[in-house]
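Structure assessment
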Amino acid sequence: MPLLIQNRALDRITSTGEMFDRHPHLKENARTFRSQPLVDVDPKCLLYVQQREFAATTPADKSVSVIGSGDATTCHFVVLRHTGSGAVCLAHCDGSCTWSEIPLIVKAVTSLSNVSKEGRLELHLAGGFNDESKTSHKLSLNILAAFQKQKEEIHLETCCITEMNDIVVDGNHSPVVYGIGVNVNTGDVFPSSFTHKGPAEELRSARTFTGGQMADIYDSSRGLVKIGPCSWSPNLDIGFWLSQEDDTILKYLSTSPLAEPPHFVQHMKTTIQFLLEHPSSDSLFPGGQPQLYHRSERGDWERAA
């Protein structure tokens, strides 16, 4: 089925601008969305999704009330929710394999929903900006096209992407919204900031840095974050980056050097240091089993025995 906007099929488009011109209410919705104040999400109720990860749950979940993700420049956030069951998924897409990732997101929600239950699938997109290489624009079009190919009817509600998420500061383009959250109980989607990005932040970053594919990181039936097992080979050459100037790291390790958040370089260095300390991933996953984390009584994620 085609992607639906106000119950009408989205026609073939060649640019995001064309879509916004045909559906001006999406522009207004995007302006309203990006003008909301940032919500600083309490880590004790948060499930944080990193780049090239997704997570899905339902309002019955006692461990997670907000799924969130941040630090996106050209990347896009995808939130899909079934209004009947309340099942919701948030993904952080970077364009690495969009066509195979979107079906995973749809399946994550439909598998948690009773398909005969009343309600519909609603889609919220945010992220990207008017970057010079048009990486954001290409990703926007690919995500929209991939949803067009799904057999389910999916209703596009929020579309704060690329030019509608762009601001010019000192002559440089950058995103307005770098992070979003979704309230699992209400379905509200909102711009967010995050102080906590765990559990296993460095391990998860290393997985993405070494080419790991889109991964489902959460078992909602057990309230467990599950990481890996991941696989990478020793590469001592990456230590080269630790001695480089910040500008060099930005130039070569970012898709948008002028728009990255201030902590980007330190995050890259921390990830590289982690890989140097763990040249083989095998020791991190004894017996080839994933690392599992559950919500402790204190409210943080702790390693499950």
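Throughout this document, residue positions are counted from 1 along each chain, in the order its sequence is written. Predicted model: local features are reported for residues with pLDDT of at least 70 only, side-chain atom pairs are reported and counted for 80 or more only, and whole-chain, interface and lining totals are derived from all residues. To obtain the side-chain values, all non-hydrogen atoms of the structure were used and water was disregarded.

Going by the annotation in an unreviewed UniProt entry, the name recorded for the chain is Protein N-terminal asparagine amidohydrolase, with Pogonophryne albipinna given as the source organism.

1. As for the sheet that holds strand S5 (residues 53–57)
As summarised here, the arrangement of the eight strands in space is S2-S1-S10-S9-S7-S8-S5-S15, forming an open sheet in which the pairing is mixed. Only two strands of the sheet have a single partner each, and these edge strands are strand S2 (8–9) and strand S15 (215–216). A pair of strands is treated as paired once DSSP finds two or more bridges between them. Numbering of helices and strands runs from the N terminus, with a helix taken as a DSSP run of H or I at least four residues long and a strand as a DSSP run of E at least two residues long. With six bridges joining them, strand S7 (residues 76–82) and strand S8 (residues 88–93) adopt antiparallel strand pairing. Looking across to S8, one finds that Val78 is bridged to Ala91.

2. Things to note about the side chain of Asp61
For Asp61, the position within the fold is in the loop between S5 and strand S6 (66–69). Buried and unpaired, Asp61 has no salt bridge, with Arg295 as the nearest side chain of opposite charge at 7.4 Å. We define a polar contact as two N or O atoms separated by no more than 3.5 Å, with the added condition that, inside protein, one atom must be a possible hydrogen donor and the other a possible acceptor, whereas residues neighbouring each other in sequence contribute only through side-chain atom pairs. Here the side chain of Asp61 touches Val64 through a polar contact of 3.2 Å, landing on its backbone nitrogen. The contact partners of Asp61, leaving out residues within four places of it in the chain, are Tyr218 and Ser220. Note on exposure labels: buried denotes an accessible area under 20% of the residue type's maximum, exposed denotes more than 50%, and partly exposed covers the range between, all computed with a 1.4 Å probe on protein chains only. The charged-residue count follows a simple rule in which Lys and Arg add positive charge and Asp and Glu add negative charge, with His and chain termini not counted at all. Whenever a carboxyl oxygen of Asp or Glu lies within 4 Å of a side-chain nitrogen of Lys or Arg, that contact is scored as a salt bridge. In this analysis, two residues are considered to be in contact whenever any of their non-hydrogen atoms come within 4.5 Å of each other.

3. A closer look at the nonpolar core
In terms of nonpolar packing, the biggest core is built from 77 residues, with Met19 and Leu156 touching the most fellow members. No other element matches helix H7 (residues 264–277), which puts six residues into this core. In this structure Leu156 touches Leu3, Leu4, Ile5, Met19, Leu26, Leu123, Leu125 and Leu144, once residues within four positions along its chain are discounted. Formed by six residues, the second largest nonpolar core is a distinct cluster that contains Val41, Leu46, Tyr48 and Phe194. Residues grouped as a nonpolar core are buried Ala, Val, Leu, Ile, Met, Phe, Trp, Tyr and Cys residues, joined through side-chain atoms within 4.5 Å.

4. Focus: the packing of aromatic side chains
Ring geometry is summarised as follows: Phe, Tyr and Trp rings, the Trp one being its six-membered ring, pair when their centres sit within 6.5 Å, and such pairs are stacked at plane angles under 30 degrees, edge-to-face over 60 and tilted between the two. Scanning the entire structure with this criterion turns up five aromatic pairs. Ring geometry for Tyr48 and Phe194: centres 5.2 Å apart, planes at 70°, overall edge-to-face. Residue Tyr48 is found in strand S4 (residues 46–48), and its partner Phe194 is found in the loop between strand S14 (189–193) and helix H5 (201–209); the two are separated by 146 residues along the sequence. Ring centres 6.5 Å apart and planes at 65° place the aromatic pair Trp232 and Phe274 in the edge-to-face group. Of this pair, Trp232 sits in the loop between strand S17 (224–227) and helix H6 (246–253) while Phe274 sits in helix H7, and the two are 42 residues apart along the sequence.

5. Some thoughts on the environment of Gly95
With respect to the helices and strands, the residue Gly95 is situated in the loop between S8 and helix H3 (98–110). As for Gly95 and Lys149, which are separated by 54 residues in sequence, their C-alpha atoms are 17 Å apart.

6. Re unusual backbone geometry
For the bond running from Gly198 to Pro199, omega is 5°, close enough to zero to count as cis. Of note, Pro199 is situated in the loop between S14 and H5. In this structure, Pro229 follows Gly228 across a cis peptide bond, with omega equal to 5°. Non-glycine residue Ala200 carries a positive phi angle of around 55°. Locating Ala200 in the fold gives a position in the loop between S14 and H5. A relative accessible area of 19% places Ala200 in the buried class.

7. Focus: the sheet that holds strand S18 (residues 291–295)
Ordered in space as S16-S17-S18-S19, the four strands form an open sheet in which the pairing is antiparallel. Two strands close off the open sheet at either side, each with one partner strand: strand S16 (218–219) and strand S19 (301–303).

8. Some remarks on the packing of H3 against helix H4 (residues 135–148)
For the pair H3 and H4, the least separation of the axes is 9 Å and the interaxial angle reads 50°. Considering their axes alone, H3 and H4 lie oblique with respect to each other. H4 is crossed by H3, and the crossing has right-handed handedness. Here Thr98, Trp99, Ile102 and Val106 of H3 come into contact with H4, specifically with Leu139, Asn142, Ile143, Ala145, Ala146 and Phe147. Charged residues are taken to be Asp, Glu, Lys and Arg, nonpolar residues to be Ala, Val, Leu, Ile, Met, Phe, Trp, Tyr, Cys and Pro, and polar residues to be all remaining types, Gly included. Looking at the contact of H3 with H4, its residues break down into eight nonpolar, two polar and no charged. Angles here are taken between N-to-C directions and fall from 0 to 180 degrees, while the axes themselves are lines fitted to C-alpha atoms, restricted in helices to the stretch in contact. Roughly parallel covers angles under 35 degrees, roughly antiparallel covers those over 145, roughly perpendicular covers 65 to 115, and oblique covers all other angles. For any pair of crossing helices, the crossing counts as left-handed if the nearer helix is rotated counterclockwise from the farther one by less than a right angle, and right-handed if it is rotated clockwise.

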